Amino acid sequence: MDKFIIQGGHKLHGEVTISGAKNALLALMPASLLAKGKYVFSNAPKLGDISTMSKLLETMGVETSHKNSELSLDTTNLNKYEAPYEHVKKMRASIYVLGPLLSRYGYAKVSLPGGCAWGPRPVNLHIEGMRKLGAEINLEEGYIIASAKRLVGTKIVFDVSSVGATGNILMAAVLAKGTTVIENAALEPEITALAKFLNTMGAKISGIGTTHLEIEGVDDLKPCSVSTIPDRIEAATFLCAVAISGGEVVLKNVLPEHFSAVLTKLEECGVAFLLKDDTIKITSDGKIQPVNVTTSVFPGFPTDVQAQWIALMTKSSGTAYIEDKIYLDRFTHVAELVRLGADITMKDNVAIVKGVKTLKGAKVMSTDLRASASLILAGLAGEGTTEVLRVYHLDRGYDAIEKKLQKLGAKIERVAGKEF
Ligand code: UD1
């Protein structure tokens, strides 16, 4: 239960290297269950959710090793097909093991994820999709118990675009008998990265990068290695940090086409960019125009940047409306930002943010990852000292965020403790 202590009011300057994408690697790792053998994922971020996924895979007999930014998995001795509650309750992405275990071994027992700080997050699309592929599924004592001799290709039309369900069904369908069609598939870059990885393993997926995916089932796949795509949400978080603090920073290892909606909105705020190869230079004088956003599926504005955007708008020169259409209750950061002096009112799933001249340091804490990131941004821009408690939420999804910020000139330090 560490905390961060931030002295606000310092401009950011220098270079920062963006890590590999958490949400991409969280899908690639379970894909390794589809074929026994050795896998190496380079550009693998060191963060809590990745180690939770590693621990979950270890309970199944997978050997893991994460040195620097290279994550190795050896699935040769896989011998258990279960994701226990202890792991799933820590991280919902654990449900990604359902598809690969079911299609490769004909059986999976996966704890049902509960609700989370953003309200209910159902997994009905995952379950209905597996049923359509021919699996028998029972829900017993909080577990999804799925079995099938061999899954059979079918047509699946999602009524909601879901990253997780698209990934899970893809991993199930690659070894099914016959062809599966997914309509309204998620377009997020992490799903595209997964589909490409599966094809490198020997799968036959076409339509990658569109909402219409066709998967011709194959009998076998082989292990392979890949570099993880850059984390677009970490990149967007650093862009918002520079925008609100002022300064000039070069982000390295980025794919701007993965966060063009965020760049467009930042430009409307008055922030300048220079894109070159896989880098982006951002320059900000810290003066922010108010800009409304509505979250939507890729390539729209990501819900995973909604909290950071609200933090940015707390210092704008007017009023901005931020609507989350993906997760209607994902606003736990609002009350904490108000503790820092922000002027925010909620109307259903819309935050109405009136920019204030100054935010003032205080103790704050949050109950989720991106919400915690928004508190850091506000702390960087605030007057005086902000303490962000419970930084384990940040450690779930950011690789050494305080060290990267320190290198840019931010005054932020981690204090280890038990009672924060
Ligand atoms: C993933 C990301 C998360 C991001 C979210 C939306 C990972 C590990 N996590 O989560 O950071 O915020 O995408 O971009 O990649 N839904 C259903 N039924 C289902 C599944 C989803 O109704 O079975 C709904 C959800 O409630 C939500 C919407 O679909 O409103 C999108 O959720 P989804 O894309 O599935 O999110 P995750 O994959 O859980």
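Structure shown above.
Residues numbered from 1 in each chain as written. Predicted model: local features only at pLDDT ≥ 70, side-chain atom pairs only at ≥ 80, totals over all residues. Heavy atoms only, no water.

S.K.: Please clarify how the pattern of salt bridges should be interpreted in this entry.
M.R.: Where side chains of opposite charge bring their charged atoms close, a pairing between them can arise. Tallied over the full model, the rule gives 14 salt bridges. With a shortest N-O distance of 2.7 Å, Lys404 and Glu234 are connected by a salt bridge. You can see Lys404 sitting in helix α14 (residues 401-407) and its partner Glu234 sitting in helix α8 (residues 232-245), a full 170 residues away along the chain. In terms of burial, Lys404 and Glu234 fall into one category: buried. What you see here is one network of salt bridges that share partners, running through Asp2, Asp395, Glu402 and Arg414. (Salt bridge = Lys/Arg side-chain N within 4 Å of Asp/Glu carboxyl O. Helix = DSSP H or I, 4+ residues; strand = E, 2+ residues; numbered from the N terminus. Buried < 20%, exposed > 50% of the residue type's maximum accessible area, 1.4 Å probe, protein only.)

S.K.: Explain the site of the ligand to me, please; I cannot follow it from the model alone.
M.R.: For the ligand, the set of nearby residues contains 19 residues, the closest of which are Asn124, Ser162, Val163, Gly164 and Asp304. Take Pro122: an N or O atom from its main chain is 3.2 Å from an oxygen atom of the ligand. At 2.7 Å from an oxygen atom of the ligand is found a main-chain nitrogen or oxygen belonging to Val163. Coverage of the ligand by the protein amounts to 83% of the 740 Å² it exposes when considered alone. Mapped onto the shell around the ligand, the elements with two or more residues apiece are α5 (124-132) and α6 (163-173). Top contributing element to the shell around the ligand by residue count: α5, with three residues. In terms of residue class, the shell around the ligand is made up of nine nonpolar, seven polar and three charged. Both of domain 1 (3-19 + 230-415) and domain 2 (22-227) provide at least three residues apiece to the shell around the ligand. (Near = heavy atom within 4 Å. Polar contact = N/O pair within 3.5 Å; in protein donor to acceptor, adjacent residues only side chain to side chain. Areas by Shrake-Rupley, 256 points an atom, 1.4 Å probe, with all protein chains shown as cover. Nonpolar A, V, L, I, M, F, W, Y, C, P; charged D, E, K, R; others polar. Domains from an automatic or database assignment.)

S.K.: Sorry, what's going on with the nonpolar core here?
M.R.: Residues Leu170 and Leu198 are the most contacted members of the largest nonpolar core, which totals 72 residues. In contact with Leu170, other than residues within four places in its own chain, are Ile182, Ile191, Leu194, Ala195, Leu198, Ile205, Leu213 and Ile215. One finds Met313, Leu359, Ala378 and Leu394 within the second-largest nonpolar core, a separate group that totals 68 residues. (Core = buried A, V, L, I, M, F, W, Y, C linked by side-chain atoms within 4.5 Å. Contact = heavy atoms within 4.5 Å.)

S.K.: Which parts of the structure should I look at to understand the packing of aromatic side chains?
M.R.: Each aromatic ring pair is summarised here by two numbers: the centre-to-centre distance and the angle between the ring planes. Within this structure, the stated rule accounts for five aromatic pairs. Geometrically, the ring pair formed by Tyr81 and Tyr105 is stacked, given 4.7 Å between the ring centres and 20° between the ring planes. Here Tyr81, found in the loop between β5 (70-74) and β6 (82-83), pairs with Tyr105, found in helix α4 (residues 98-105); they are 24 residues apart in sequence, far enough to count as distant. Residue classification places Tyr81 among the partly exposed residues on the basis of a relative accessible area of 26%. Considering the side-chain rings of Phe301 and Trp309, the 5.4 Å spacing of their centres and the 75° angle between planes classify their relative orientation as edge-to-face. The exposure class assigned to Phe301 is buried, which follows from its relative accessible area of 4%. Residue classification places Trp309 among the buried residues on the basis of a relative accessible area of 0%. Over the face of the ring belonging to Tyr143 we find Lys109, whose NZ or CZ atom lies 4.9 Å from the ring centre. (Phe/Tyr/Trp six-rings, centres within 6.5 Å; stacked < 30°, edge-to-face > 60°. Lys NZ or Arg CZ within 6 Å of the ring centre and 35° of its normal.)

S.K.: What am I meant to see in the sheet that holds β6 here?
M.R.: Backbone hydrogen bonds hold the strands of a sheet together, and the pairing may be parallel or antiparallel. Read across the sheet, four strands follow the order β6-β7-β9-β8 without closing on themselves; strand pairing throughout is mixed. Strand pairing shows two members of the sheet lacking a second neighbour, β6 and β8 (136-140), which therefore form its edges. Bridge count for β8 against strand β9 (residues 143-147) is five bridges, and the pairing is antiparallel. Directly across from Glu136, in β9, lies its bridge partner Ser147. Along the sheet, α4 contacts β6, β7 (107-111) and β9; its crossing angle with β7, the most-contacted strand, is approximately 160°. (Pairing = 2+ DSSP bridges. Axes fitted to C-alpha atoms, helices over the stretch in contact; angles between N-to-C directions.)

S.K.: Sorry if this is basic, but what is going on with the side chain of Glu188 here?
M.R.: With respect to the helices and strands, Glu188 occurs in the loop between β11 (179-183) and α7 (189-200). Comment: no salt bridge for buried Glu188; closest opposite-charge side chain is Arg232, at 4.9 Å. A distance of 2.9 Å separates a polar atom in the side chain of Glu188 from the backbone nitrogen of Phe298. When neighbours within four sequence positions are excluded, Glu188 is seen to be in contact with Val163, Arg232, Val297 and Phe298. (Lys, Arg positive; Asp, Glu negative; His and termini not counted.)

S.K.: Explain the pairing of strand β23 (residues 385-389) here, please?
M.R.: Within a regular strand, the side chains alternate between the two sheet faces. Of all five residues in β23, four are buried, a share of seventy percent or more. The sheet contact formed by strand β1 (residues 3-7) and β23 spans four bridges and is antiparallel. Paired with Ile5 across the strands is Glu387, a residue of β23. Pairing between strand β22 (residues 363-365) and β23: three bridges, direction parallel. When the bridges of β23 are listed, Met365 appears paired with Leu389. Running through helix α12 (residues 369-381), the crossover from β22 to the neighbouring parallel element β23 is right-handed. (Right-handed = clockwise from strand over helix to strand, strands pointing away.)

S.K.: Help me understand the side chain of Gln306 in this model?
M.R.: Among the secondary structure elements, Gln306 is positioned in helix α10 (residues 306-313). Judged by its relative accessible area of 0%, Gln306 falls in the buried class. Of the polar contacts made by the side chain of Gln306, one reaches the backbone oxygen of Arg330; its length is 2.8 Å.

S.K.: Where do I start with the sheet that holds β1 in this structure?
M.R.: Spatially, β22-β23-β1-β24 is the arrangement adopted by the four strands of the open sheet, whose pairing is mixed. Across the chains shown, the open sheet's two edge strands, defined by having one partner strand only, are β22 and β24 (411-415). Strand-to-strand twist across the sheet, computed as the mean angle between neighbouring axes with direction ignored, equals 20°. When β1 meets β24, the two strands line up antiparallel, connected through five bridges. Within the sheet, the bridge partner assigned to Ile5 lies in β24 and is Glu413. Contacts from α12 reach β1, β22, β23 and β24 within the one sheet, and its direction differs from that of β1 by about 30°.

These values are about where atoms sit, not about what they do.
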